[in-house]
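The chain contents come next:
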Amino acid sequence: MADRNARSAPVAAVRIRPWLKNEQDLPERLAVPPRNPRTTVRGPTRATAPRAAAPTADARRRGARAAQRVAVAYGGETYPAHYIFGPQHSQQAVYKELLTKLIGEAIASNASGTVIACGPPMSGKSHTLLGYGSEFGLVPHATLDIFRAAEATKKLKVWCSYFELHHEVVDLLAPLPPTPSADVELVELRGAGAQVCGLQEPLVQSIEEVQALVDYGNQRRAANEKLLGVHGNAHTVFVFHLAIDEDPHGDGREPLSGSPASPVERRVRSKITFVDCASSNGFKDTSLQGLSESLKDQASGGVRAKGLGKAFFRRSLLTQLLEDALCGREQLVLLATASPGGGEQMGDYLEMVRHLTQVAEQEKRAPMEGTPSRMDCLGHLQVEIEALSMEGPPSESKEARLAALQRVLAERSLREAPEAFQVQQLVALRQAQEASLAAWGFACEEDLAAAPCYLLRLHGDPMLTGCLAYVITGSRILGSSGDIFLQGLGIAPQHCHIAEHSGGLWLTNLCSEPHRVFLNGKSMEATSPAEPLKHGDRIQLGCALEMLVVMNENLKNLDLEALEAGDLWSRPLDALVQQANELLKELELLQVSNQHSHFEVPEVDGGASPVRFVRWEHSERESGEVLASFEVPLEEFQSEVKRLQELYRSPRKSDAPKESPDTASHRTDTASHRVDSTREGLQAGRPELAELAQVESALWHKEKAVAASIRRAHSLSQCIGETVSALQETVADLRRGAAGAFTPVEAFEKLQDENQDLKQRSD
């Protein structure tokens, strides 16, 4: 068996996807500088330099890896990498070069690994990890190798989990609400990275079971989307946990009854983590900022991480989860994906690749001092639990820590349950998943095959387009309280009516407000007659959903990969203004209740000149008195709408997966009732009712203010942590320059520059 403490050096790679159909006229900004006549610039690949000389004895003794470095040019700079894959490289070629060794080491020993795919939107991250159609991604290729090994050894056990991670953790394998699910939390562990507790983590025994779980996870991601034409802002994480029985005697004998050799001691464990980094917010996201800062710190020797310990990684949940990989306890593979034209903030992603190549060049890359290299050891948990139980008087913080550690221990021990019991758990989980999809009105594959026509949901993320569909039988009402449940911005309780007649579908708008139903880009009025639907028609509902009409007889003519989900920016200006007011209406539930804001399109005489601005007004809710009013240029209006969209999709709006639709509606109605009660109490001459409602509303707003204060305090603590780490780095520089090469004055000037930089970033 391979050395359990052996870790391969990190690998940094760049993958450049082919041009898309709508990008043919864009300039090519990403290229590989030629190092010799055989290096290609168009369609970059790993450099084909002359064969290197045989390694020296000293290099062999250190176990140095003679990896060739190549570089990619972008924005006038050159960024080194270990591999550069071009459009001509297949998914299998990428997997063979990057992950074959990592997967082999994870199977043979407890050498764990982490694969991070990052890059601008639409650069091919999800396609690289999961694949599409016959082009299997890195995860399917790894699954194939893992189950080949399981078939060969007969001892390998595999578990998997799938979740989203941003400001909170969402289990993508848990059934949709209102089915109850466990609370999910991230627990810090001493000497190892954090563990996510409360996830569904079933035992899987075939490739088909893994595929079914991944498909359901993507369906849940698509079902939770509430805004049309936008990409997800949460990172998706897929994890394999592997365990292989280890014979303690070396002769195949089972341990005797009462023997100290427990099942835990007889298992060698490892995990393989795949991370698809969200890029909708770019490096405004603290997760990507923290990931970049961690790689930069490791490239400079890990001064900040060693000085601050766990505090250094508390910048985001993502960095807490990836602590083992960022500290060198796991092999790290970073793959930056890009289009030939580069993309937004491409230089920042390539800078992360540069940092990781510098980490790989370091002669000695050992785990941080005082941290064990074996991760999945239950003994460390048991020791800490016993120590906490024995130390000092009870306290709230100690009890909370003890409960969290006991939960981690219990969940890890579940993997030691009898195999038959774990197989039963997976069957029950799949049944609950399918039942929850059916409760939301989504059709299964058998229903789709038998139906003459159905509605296919489109999504802003091409990976999620087509994974959900509705089969309409008879007459159905769609809406937030209709026969088929819909959620999202601008969805009415009874939004539209779709009826089946003579093998076809007919659409009727039930909304009295304009721009709530669009058919093929044309707004349907409430008084419009029912419209027949034909194959290929596109329906947009509110500002949340878009669906494609599919006739099974014409299914062969449907190319899902070529479909592009629509967005809100192609709508008329008055429809965009309506969307902005919908966003303001949703967000005002958390603002001062006696005031409100709204946008309106100004009237233009005769319509001779185009509208170049939108009017914004802030007024008293009761009297209607305008407090402020000014004109907003269209460019600034669009930027404001995007900002409102981000606020709408922030974590406080993602509580829905933990609530049933009725509960979520009741919560919104309760918030609105606080405002209405104040107004009705004043109008009815009952000041006591108005006073009570005002007190209740004040308490509610106070809770929101406290939550905002906590977020600001967390942000401030991150800034303080960076300042402390800068101080520690300066002290380290002073010690290195004690011989006179580095003066205290220079150190002070350096510290001032760093603090100024931190202040500018925090502002």
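Residues numbered from 1 in each chain as written. Predicted model: local features only at pLDDT ≥ 70, side-chain atom pairs only at ≥ 80, totals over all residues. Heavy atoms only, no water.

J.: Can you walk me through the environment of Phe 163 in this structure?
T.: Turning to its location among the elements, Phe 163 is positioned in strand 8 (residues 156-165). Among all residues touching Phe 163, those that are not within four sequence positions of it are Val 169, Val 170, Asp 171, Leu 172, Val 196, Leu 199, His 235, Thr 236, Val 237, Val 239 and Leu 321. (Helix = DSSP H or I, 4+ residues; strand = E, 2+ residues; numbered from the N terminus. Contact = heavy atoms within 4.5 Å.)

J.: Teacher, can you tell me more about the packing of aromatic side chains here?
T.: Given two aromatic rings, one states the distance between the centres and the angle between the planes to describe the pair. For the structure shown, the criterion picks out nine aromatic pairs. Through a chain of ring-to-ring contacts, the aromatic side chains of Trp 440, Phe 442, Tyr 470 and Phe 485 assemble into a single cluster. (Phe/Tyr/Trp six-rings, centres within 6.5 Å; stacked < 30°, edge-to-face > 60°.)

J.: Help me out: how do you make sense of the sheet that holds strand 22 (residues 517-519) in this one?
T.: In sheet architecture, strand pairing relies on hydrogen bonds along the backbone and comes in two forms, parallel and antiparallel. In spatial order, the strands read 17-16-26-25-22-23; together these six strands make up an open sheet with antiparallel pairing. Since the sheet does not close on itself, it has two edges, and those belong to strand 17 (469-470) and strand 23 (522-523), each with one partner. Looking at chain direction, strand 22 and strand 23 are connected through two bridges and run antiparallel. Paired with Phe 518 across the two strands is Ser 523, which belongs to strand 23. (Pairing = 2+ DSSP bridges.)

J.: Hey, could you run me through the nonpolar core in this one?
T.: Soluble globular proteins tend to bury their nonpolar side chains together. Membership of the largest hydrophobic core comes to 47 residues, with the highest contact counts inside it found for Val 14, Ile 116, Phe 163, Leu 165, Leu 334, Leu 350 and Met 352. It is helix 11 (residues 346-361) that contributes the most residues to this core, seven residues altogether. Leaving out residues up to four positions away in the same chain, Ile 116 has contacts with Val 275, Cys 277, Leu 291, Leu 322, Leu 332, Val 333, Leu 334 and Leu 335. With 41 residues, the next largest nonpolar core counts Ala 142, Leu 172, Phe 240 and Leu 242 among its residues. (Core = buried A, V, L, I, M, F, W, Y, C linked by side-chain atoms within 4.5 Å. Buried < 20%, exposed > 50% of the residue type's maximum accessible area, 1.4 Å probe, protein only.)

J.: Where do I start with the UniProt feature "binding site: ATP" (unreviewed entry) in the protein in this structure?
T.: Residues annotated in UniProt with the feature "binding site: ATP" (unreviewed entry) correspond here to Gly 119, Pro 120, Pro 121, Met 122, Ser 123, Gly 124, Lys 125 and Ser 126. When you line up the elements, Ser 123 lands in the loop between strand 5 (113-118) and helix 4 (125-130). Residues contacting Ser 123, with those up to four places away along its chain left out, are Arg 17, Thr 337, Ala 338 and Ser 339. Tracing the sequence through the fold places Lys 125 in helix 4. Judged by its relative accessible area of 8%, Lys 125 is buried. Those residues within four positions of Lys 125 in sequence are excluded, and the remaining contacts are Ala 117, Cys 118, Gly 119, Pro 120, Asp 276, Cys 277, Ser 279 and Thr 337. (UniProt positions renumbered as here; feature names shortened; annotations may be inferred.)

J.: Could you clarify how one ought to interpret the confidence of the model for the protein in this entry?
T.: Low-confidence regions, as indicated by low pLDDT, have predicted coordinates that should not be scrutinised in detail. Chain-level pLDDT for the protein is 76 on average; 70% of the residues reach the 70-or-more range. pLDDT under 50 marks residues 35-67. Its contacts with residues more than four places away, or in other chains, come to 54 contacts. When the criterion is pLDDT under 50, residues 652-693 qualifies, and its contacts beyond four places in sequence or with other chains add up to 43 contacts. (pLDDT = per-residue confidence, 0-100.)

J.: Hey, could you run me through the sheet that holds strand 21 (residues 504-509) in this one?
T.: The five strands are arranged 19-18-20-21-24 in an open sheet whose pairing can be described as mixed. At either end of the open sheet lies a strand with only one pairing partner, and these are strand 19 (484-485) and strand 24 (531-533).

J.: Would you mind going over the environment of Gln 289 with me for this structure?
T.: Considering the arrangement of structural elements, one finds Gln 289 in helix 7 (residues 286-299). Under the relative-accessibility criterion, Gln 289 is labelled partly exposed at 25%. Placed 26 residues apart in sequence, Gln 289 and Arg 315 show a C-alpha to C-alpha distance of 8.7 Å. Sequence-distant contacts of Gln 289, that is, excluding residues within four places in its chain, are made with Phe 283, Lys 284 and Arg 315. Side chain to side chain, Gln 289 and Arg 315 meet in a polar contact 3.0 Å long. (Polar contact = N/O pair within 3.5 Å; in protein donor to acceptor, adjacent residues only side chain to side chain.)

J.: I would appreciate a short explanation of helix 14 (residues 419-439) in the present structure.
T.: Residues spaced three or four apart along an α-helix point in a common direction, a consequence of the helix completing one turn every 3.6 residues. Look at helix 14: 30 Å from first C-alpha to last across 21 residues, which is about the 30 Å you get at 1.5 Å a residue. What helix 14 keeps buried is the set Gln 422, Leu 426, Leu 429, Gln 433, Ser 436 and Leu 437. One face of helix 14 carries all of its buried residues, which in axial projection span an arc of 100°. What points out from helix 14, more than 90 degrees from its buried face, is the exposed set Ala 420, Gln 424, Gln 431 and Ala 439. (Expected span 1.5 Å × (residues − 1). Arc of directions from axis to C-beta.)

J.: Can you help me understand helix 16 (residues 573-587) in this one?
T.: Given a rise of 1.5 Å per residue, 15 residues ought to cover 21 Å, and the 21 Å separating the end C-alpha atoms of helix 16 matches this to within 8%. When we look at burial in helix 16, the residues that qualify are Ala 575, Leu 576, Val 577, Gln 578, Gln 579, Ala 580, Glu 582, Leu 583, Leu 584 and Leu 587.

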